[in-house]
Amino acid sequence: MAIKPRTKGKTSRSVGSQWFNSLSFKQNKYGTCKFLSIIAVFVYILYFFSSRFYPNSRSTSVSYPPSHGLYINEIPASRRLIYPQVEHVPVLKQVTVRGLYITRLEIDGSKRLVLKPEENAMTDEEKKKTTDQIILVKSSFLDHGKLVYRRNNDAPEVVVVTLIDFENYDLETIIQVVQNRVDYAQKHQYGVYIRYIQEFLPVLENQNLAQSYEFIKPLMIRAAMHAFPTAKYIHFVDQDALLMNLDLSLQKYLLDPKILDLALQKNVPVVANSNIKTYNHFESSLAKIIIPHDANGNIDTSSFVVANDFHGQALIDYLSDPLLRNYNWGPEGDKLSYAIGHILQWHPTLLGKTAIVIPKVLASQYDASMDQEGESGSGDVYHYNEGDLAASFKGCRSRGTCASEISHMYNKIKRT
Amino acid sequence: MSNVPYNSPLPVSNHHLDYDEDEKKSRGSKSGLRYKIMYWRKYLANYLARSKKSILLISLLLFLFIWISDSAISRSPSTTSFQGQNSNDNQLIKGSSGSGSRRYLPPYSKRSRWSFWNKDPKIVIILAANEGGGVLRWKNEQEWAIEGISIENKKAYAKRHGYGLTIKDLTTSKRYSHEYREGWQKVDILRQTLREFPNAEWFWWLDLDTMIMEPSKSLEEHIFDRLDTLVDRELKSFNPLDLRPDIPYVNYSEEMEFLITQDCGGFNLGSFMIKNSEWSKLLLDMWWDPVLYEQKHMIWEHREQDALEALYENEPWIRSRIGFLPLRTINAFPPGACSEYSGDSRYFYSEKDRDFVVNMAGCNFGRDCWGEMQYYTTLMEKLNRKWYTKFFFP
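Residues numbered from 1 in each chain as written. Chains lettered and ligands numbered in written order. Predicted model: local features only at pLDDT ≥ 70, side-chain atom pairs only at ≥ 80, totals over all residues.

Where an unreviewed UniProt entry is consulted, chain B appears under the name Mnn10p, with the organism given as Saccharomyces arboricola. Under Sequence similarities (unreviewed entry), UniProt gives the following word-for-word description of chain B: "Belongs to the glycosyltransferase 34 family." (UniProt positions renumbered as here; feature names shortened; annotations may be inferred.)

Chain A carries the name Mnn11p in an unreviewed UniProt entry, which gives Saccharomyces arboricola as its organism. Quoted verbatim from the Sequence similarities (unreviewed entry) field of UniProt, the annotation for chain A is "Belongs to the glycosyltransferase 34 family."

This is the structure we're talking about:
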């Protein structure tokens, strides 16, 4: 009965307020209210500011060095289009690779080219003072690898990446290849990242260019990922390939999940005669690596797309691991293709992120014999037909026809 | 006789009758109830009007209390700034899996401090038990006892802090030996456990020969809240393997997803933490590769540990997300392990510093596992005895 509130509520005073009043706030009503509200506002301000500053004050103690590429001191690039000064090719041919790097004599008697990661770029003042053409060419060759694109307001989403070879190709072909990439990239606001193959020789254990050629591709892609950290996709195009249809934007033509779905090779052996097959239910929107099969059902590395996230980086870093790179992948053929095929067969997590597509969408094989018969091509998905994104001249080195095929096709590209 | 069986319910139900009676009852007291509600409402309004001050004061005190008790647990490096380049957005295609989220969430972020039991623990302890399972030889009494003590120790710890505990049986570890793959079961178990607890945020792997010496410390306060100050990511302070301290393309603005320790011989995987993420799943998949392993299995004596060292040495995507905890934070050694470095305080359990975990690594190679386990169990009990237990168990 005692707990029941009294019916005449007006006169009764609650236990709480009695206790409160006895606490000494016996001044007038408004005074205590004011006092309390001031405290409340103060507490609120304290809370607001403490949550602002607390985390920052703690984290100042931690600082890690910034990410860097092969060189520690880097130069910010002013343009999205990063390519070397190709007019230096004749001089570079004279200088040769041996003249560009320091050679170190190893204990076992072999000679190795060495790259100096701490090397600084040549300043403009030094360039002005130098009259020696060879030194200028050399420094421009070495400093080209230090260029990184760090502007955020104009960052490209896709970067077209190509390697060029000043030893085995003449100036005319190199200019055509570089111009082709630049034309394409400018049309779609993409970035371009082109470097000499010879820039990566010192990184390799086997410094024979012909033997290690394929494994420079992942090194190059990694450098591009670093040079354009905000780019989402890296599109690697071999130098023995041309982008023929400059109007096709990668996002609309390939990266759109619906369209990628149409080009997918589902439930086919990952490489020819493999027991491991590509997934039947592949989530195209999660594709991080897009790579075509060639006509034989093996991985074709002449043109492929890799996402610039940890999935893409994992594949590229794995391919650049010396243990994998120096494995005996067989005497002939595309070693990189074997290595990628191996990785995809043994690592389902990566296979689940890899879209294996028909060659037509990324790298149609150019066949000179078909081209002469009729301009329209064969019509199958492996060979180049007019309107395809890229024509690959794979095998032209052994045929010795790279220069002629590239210039023949280069003149067919419609530039509007 | 009709076709309706005897036990079938009659078509008439009592419901309507009941309803009528109910209504009659409620009708009688309806006006009283309404009056009561009105009365209470009025009383409450009156009360509120009269005691604004006290309500303000009480809510203020309540707020202060919640704030202070809250900040006591959430002192975490929620926004860590780095000198390096801004981390690139990993989320390539919108709607892809949550791997791209860049925020560092402490593992207890969603756990209420006051809940005693949660269905989805944010931290799961994986205890590897029953190695060999007595298949090749009998398990002796001491081995059974060690197992019992070790499991009990982890169980009590997990219960105390609301973590999950899963005990993984290594009976089949010998199956891996025909491929020179002993030790690789760890990777398979981890992959399986990651699938088993999809909502967990971190996993803590513990070998059987370990003892949590300070059960009162939570992993949050001991590790995750002070990751920034605890972790070494660049091998600056300790590099027993002489790995290259700096390789190209390593990006330290990535968050750490794999916390391991190093002992005198290199990486130690007797006690480590791995985050439940896409990156971890990829690492666990890439860890073992026949091409790498074929070349090295004769040299890689510690199998998965050596393989990880090789990957760490050369691959920036792995190096970017690994952090090294000091050995003594989660993996202190007894004097018997790394005994050639007996003067080095970085390795060994210190009673004075109240180290968190002892790992009796390698005790079955010529040392006395049972003796060590007994010693540390007694020590743990002694150190963690409450003052009032002295009255009852002097």
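Q: Give me the lowdown on the overall build of chain A, citing residues and values where you can.
A: Scanning chain A for helices and strands turns up 18 helices and 14 strands. Expressed as a percentage of its 416 residues, the buried residues of chain A come to 39%. Put simply, of all contacts in chain A between residues at least 6 apart along the chain, 73% involve residues at least 24 apart. (Helix = DSSP H or I, 4+ residues; strand = E, 2+ residues; numbered from the N terminus. Buried ≥ 20, exposed ≤ 12 C-beta atoms within 10 Å, placed from the backbone. Contact = placed C-beta atoms within 7 Å.)

Q: Give me the lowdown on the overall build of chain B, citing residues and values where you can.
A: Helix and strand counts for chain B come out as 13 helices and eight strands. The buried share among the 394 residues of chain B stands at 31%. Long-range pairs, those at least 24 residues apart, make up 76% of the contacts in chain B between residues at least 6 apart in sequence.

Q: Describe the nonpolar core, naming the residues involved and giving the relevant values.
A: By size, the foremost hydrophobic cluster in this structure holds 169 residues, and its most contacted members are Val 159, Val 192, Ala 224, Ile 234 and Ala 390 of chain A together with Ile 126 and Trp 204 of chain B. Tallying contributions element by element places helix α8 (residues 216-227) of chain A first for this core, with eight residues. Not counting residues up to four positions away in its chain, the partners in contact with Ile 126 of chain B are Thr 166, Lys 168, Ile 189, Thr 193, Phe 203, Trp 204, Trp 205 and Leu 206 of chain B. (Core = buried A, V, L, I, M, F, W, Y, C linked by C-beta atoms within 7 Å.)

Q: So, helix α12 (residues 369-383) of chain B: which residues are in play, and what are the values?
A: Residue and element names in this part refer to chain B. Relative to the 21 Å expected for 15 residues at 1.5 Å per residue, α12 spans 21 Å between its end C-alpha atoms, a close match to the ideal helical length. Within the sequence span of α12, burial applies to Glu 372, Met 373 and Tyr 376. In a view along the axis of α12, the buried residues occupy a sector of 95 degrees, so they form one face of it. Exposed side chains of α12 directed beyond 90 degrees from the buried face belong to Thr 378, Glu 381 and Lys 382. Looking at the buried residues of α12, the elements they touch are α3 (141-161), β4 (210-212) and β8 (357-359). (Expected span 1.5 Å × (residues − 1). Arc of directions from axis to C-beta.)

Q: Which residues make up the sheet that holds strand β2 (residues 81-82) of chain A, and what values go with them?
A: Residues and elements named next belong to chain A. Read across the open sheet, the seven strands follow the order β2-β7-β6-β8-β11-β10-β12; overall the sheet is mixed. The sheet is open, and its two borders are formed by β2 and β12 (354-357), each paired with just one other strand. Across the sheet, α8 touches β2, β6 (158-164), β7 (191-196), β8 (233-237) and β11 (303-307), and the angle it forms with β6 is around 140 degrees. Its contacts with the sheet put helix α11 (residues 310-319) on β10 (289-292) and β11, and the angle it makes with β11 is roughly 125 degrees. (Pairing = 2+ DSSP bridges. Axes fitted to C-alpha atoms, helices over the stretch in contact; angles between N-to-C directions.)

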